[in-house]
Amino acid sequence: MIPRILVFAGSVKSASINAKLADAAQLTLAQLGADVTRISLLDYPMPLVDEDLKAREGIPMGAMNLGRLISANDGIFIASPEYNSSVPPLLKNVIDWVSLISEDDGRPLKPWNGRYVALGAASKGKLGGIRNLYHLRSVMMAVGTQVLTEQCAVGGAGSAFDEDGRIVDERASGMLDKTCRSLFDHCKRHGRVD
Ligand SMILES: Cc1cc2nc3c(=O)[nH]c(=O)nc-3n(C[C@H](O)[C@H](O)[C@H](O)COP(=O)(O)O)c2cc1C
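Residues numbered from 1 in each chain as written. Predicted model: local features only at pLDDT ≥ 70, side-chain atom pairs only at ≥ 80, totals over all residues. Heavy atoms only, no water.

## Let's talk about the environment of Gly 129
Test applied: Only DSSP runs of H or I reaching four residues or more are called helices, and only runs of E reaching two or more are called strands; each is numbered from the N terminus. Whether two residues touch is decided by their heavy atoms; if any such pair falls within 4.5 Å, the residues are in contact.
Of note, Gly 129 is situated in the loop between β6 (116–122) and α5 (130–142). Considering only alpha carbons, one finds Gly 129 and Lys 13, 116 residues apart in sequence, at a separation of 16 Å. Non-local contacts of Gly 129, meaning those with residues more than four positions away in its chain, are made with Glu 82, Ala 121 and Ser 123.

Below you can see the structure in the form of structure tokens.
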């Protein structure tokens, strides 16, 4: 079975360093043999989570489309910026909306349930956004995903990638390889954990 893995960054900034990390993860996962889908959250617009809005109008189209895509994959790689030591609002909002999905056209659907998730972060600072990764890990556990132990924090990310999009620093590059390998292996061995 070929693992299906979704890759995205928790940033839609032009020249996002986390988009670069997501690109590097996409490359690594594809080389391992995964069927990789790389998306931008720009293509899944949604308002701020609002339970009154949900009661009136249901789940926004962007969140529903993303939920369906998450559900169609075995694993997910998320490259997230760190904002004030924690999860950036764009990403938290996306996670929260998708967690509110319970059905699709009358059929039960809990997109996050049982998905393997690997986490990465890129920051220009020395810590590479690692403080956020522990907050994000906790959030992803709360929504029912299987978060892998291996993770990847890339510090000094302003100059961390070469022209081919690969991570220059051996230690950081090794961390990404290990994280992607773990995600690939878990998905291949177990598929999803519904
Ligand atoms: C509101 C805000 C808070 C931030 N807090 C942190 C932080 O706690 N740690 C850190 O390493 N960088 C922090 N940054 C800097 C981001 O790491 C930097 O903007 C990075 O480029 C964001 O990732 P992106 O390029 O993928 O969007 C912060 C940026 C913003 C806008």
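## A few points about the site of the ligand
To keep things clear, this is the line we draw: Residues are classed as near a molecule or strand on a simple rule: at least one heavy atom within 4 Å of it. The term polar contact refers here to a pair of N or O atoms within 3.5 Å; inside protein, the definition further demands a hydrogen-donor-capable atom paired with an acceptor-capable atom, and it admits residues adjacent in sequence only when both atoms are side-chain atoms. Where accessible areas are quoted, they stem from the Shrake-Rupley method and a 1.4 Å probe; at the residue level, only the protein chains shown are allowed to cover.
Close to the ligand lie Ser 11, Lys 13, Ser 16, Ile 17, Asn 18, Pro 81, Glu 82, Tyr 83, Asn 84, Ser 85, Ser 123 and Arg 131. Between Ser 11 and the ligand, the recorded distance is 2.7 Å, taken from a side-chain N or O atom to an oxygen atom. At 2.7 Å, a backbone N or O of Asn 84 approaches a nitrogen atom of the ligand. For the ligand, whose unbound accessible area comes to 610 Å², protein coverage reaches 70%.

## Side note on the pairing of strand β3 (residues 75–79)
Just so we agree on the cut-off: Whether a residue is buried, partly exposed or exposed follows from its accessible area with a 1.4 Å probe, protein chains only, as a fraction of its type maximum: under 20%, in between, or over 50%, in that order. When DSSP finds two or more bridges between two strands, those strands count as paired.
β3 sits mainly inside the fold: five of its five residues count as buried. Judged by which residues are buried, β3 turns out to be covered on both faces: Gly 75, Phe 77 and Ala 79 on one side and Ile 76 and Ile 78 on the other are all buried. In terms of strand pairing, β3 meets β6 through five bridges, oriented parallel. Bridged to Phe 77 within β6 is Ala 118.

## Section: the pattern of salt bridges
Condition: When a carboxyl oxygen of Asp or Glu lies within 4 Å of a side-chain nitrogen of Lys or Arg, that pair is called a salt bridge.
Inspection of every chain in the model, using the stated rule, returns six salt bridges. The partner of Asp 74 in a salt bridge is Arg 4, with the nearest N and O atoms 3.1 Å apart. With Asp 74 in the loop between α3 (61–71) and β3 and Arg 4 in strand β1 (residues 4–9), this pair connects stretches of sequence that are 70 residues apart. Under the relative-accessibility criterion, Asp 74 is labelled buried at 2%. Close ionic contact of Arg 181 with Asp 185 constitutes a salt bridge, the shortest N to O distance being 3.6 Å. Placement of both Arg 181 and Asp 185 in helix α6 (residues 170–190) is noted, with a separation of four residues, approximately one turn of the helix. The exposure class of Asp 185 is partly exposed, given its relative accessible area of 24%.

## What about the environment of Ser 182?
Structurally, Ser 182 is set in helix α6. Residue class for Ser 182 comes out buried when judged on its relative accessible area of 7%. What Ser 182 contacts, discounting residues up to four positions off in sequence, is Leu 148 and Glu 150.

## Topic: the environment of Val 168
Residue placement: Val 168 occurs in the loop between β7 (146–154) and α6. A relative accessible area of 54% places Val 168 in the exposed class. Separated by eleven residues in the primary sequence, Val 168 and Ala 157 have C-alpha atoms spaced 9.9 Å apart. For Val 168, the residues in contact, after removing those within four places along its chain, are Ser 159, Ala 160, Phe 161 and Asp 162.

## Some words on the sheet that holds β3
Rules: Orientation is described by lines fitted to C-alpha atoms, with helices fitted over the stretch in contact, and by angles between N-to-C directions that extend from 0 to 180 degrees.
Reading across from one edge, β2-β1-β3-β6-β7 is the order of the five strands in this open sheet, with parallel pairing throughout. Where the open sheet ends on each side, the last strands, each with one partner, are β2 (35–38) and β7. Going across the sheet, the axis of each strand differs from the next one's by a mean of 20°, ignoring polarity. Note: β1 against β2, four bridges, orientation parallel. By the bridge assignment for β2, Ile 5 is matched with Val 36.

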